[in-house]
Amino acid sequence: MEINLGKLPFDIDFHPSNTLVAAGLINGDLHLYRYAANSLPQRLLEVHAHGEESCRAVRFINDGHAIVTGSPDRSILATDVETGSVIARLENSHGAAINRLINLTETTIASGDDEGCIKVYGIPDNNLAAIPLMLMKNIFQI
């Protein structure tokens with residue numbers, strides 16, 4: 001299987017239980033594809049997630065019902081997988097460009113920026129209204 005994204009991808013993530021892959025692109029777009037053996041991938045979503053900034057980090061959250069993305073504009077965006085609509089947007093979530101998002105548990109994610117700052121966010125009651133749980137400055141050099 002091969003997917004031609006048309007632009008440089010910064011990050012990809014695979015859905016935890018379905019044959020879906022999300023890609024964050026240099027032009028700020030988020031693409032979501034369904035894939036299967038012996039068939040062409042089907043693009044399900046194309047969301048211009050971060051304006052003119054790149055989409056540097058992509059992760060499925062909430063059992064795959066949403067995708068979070070991070071960008072140099074320091075925002076984290078949560079997008080609904082089914083509709084492509086914005087669920088939540090955290091503006092200025094970091095002091096520098098975001099370059100990494102990871103799942104810690106089903107209800108927490110961590111984000112890292114270009115200055116080595118790592119933040120952990122909780123998703124209370126799976127409502128995606130992410131709130132900071134802790135800030136660890138310069139613990140890890142990313």
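Residues numbered from 1 in each chain as written. Predicted model: local features only at pLDDT ≥ 70, side-chain atom pairs only at ≥ 80, totals over all residues. Heavy atoms only, no water.

**A look at the environment of H94**
Mapped onto the elements, H94 comes out in the loop between strand 8 (86–90) and strand 9 (98–105). H94 sits in the buried class, given a relative accessible area of 3%. Each C-alpha atom of the pair H94 and K119 lies 8.1 Å from the other, and the pair is 25 residues apart in sequence. Those residues in contact with H94 that sit more than four places away from it in its chain are R74, S111, G112, D113, C117, K119 and Y121. (Helix = DSSP H or I, 4+ residues; strand = E, 2+ residues; numbered from the N terminus. Buried < 20%, exposed > 50% of the residue type's maximum accessible area, 1.4 Å probe, protein only. Contact = heavy atoms within 4.5 Å.)

**A few points about the nonpolar core**
One finds A22, L30, L32, V58, F60, I67 and V81 to be the most contacted residues of the largest nonpolar core, which totals 13 residues. Elements represented by at least two residues in this core include exactly strand 2 (20–25), strand 3 (29–34), strand 4 (42–48) and strand 5 (57–61). Aside from chain neighbours lying at most four places away, what touches L30 is A22, A23, L45, E46, V47, A49, V58, I67, T69 and T79. One finds V68, A78, I98 and Y121 within the second-largest nonpolar core, a separate group that totals 11 residues. (Core = buried A, V, L, I, M, F, W, Y, C linked by side-chain atoms within 4.5 Å.)

**Some remarks on a nonpolar patch on the surface**
Taken together, the side chains of L8, F10 and I26 make up a nonpolar region of the molecular surface, amounting to roughly 280 Å² of accessible area. Take F10: it is sitting in strand 1 (residues 9–14). Look at F10 and you get partly exposed, because its relative accessible area is 41%. (Patch = residues over 30% accessible without salt bridge, like charges linked within 9 Å, V, L, I, M, F, W, Y side chains within 5 Å. Areas by Shrake-Rupley, 256 points an atom, 1.4 Å probe, with all protein chains shown as cover. Salt bridge = Lys/Arg side-chain N within 4 Å of Asp/Glu carboxyl O.)

**Some words on the pairing of strand 6 (residues 66–70)**
Within strand 6, five of the five residues are buried, which leaves it mostly tucked inside the rest of the structure. Of the two faces of strand 6, the one holding A66, V68 and G70 and the one holding I67 and T69 are both buried throughout. In terms of strand pairing, strand 5 meets strand 6 through five bridges, oriented antiparallel. Looking at the pairing, A57 lines up with G70 of strand 6. Between strand 5 and strand 6, which pair antiparallel one after the other, the connecting turn spans four residues, and N62 there sits at a positive phi close to 55°. Both strand 6 and strand 7 (residues 76–80) contribute to a ladder of five bridges, which runs antiparallel. Bridged to A66 within strand 7 is D80. Linking strand 6 to strand 7, which pair antiparallel, is a turn of five residues; within it R74 sits at a positive phi near 75°. (Pairing = 2+ DSSP bridges.)

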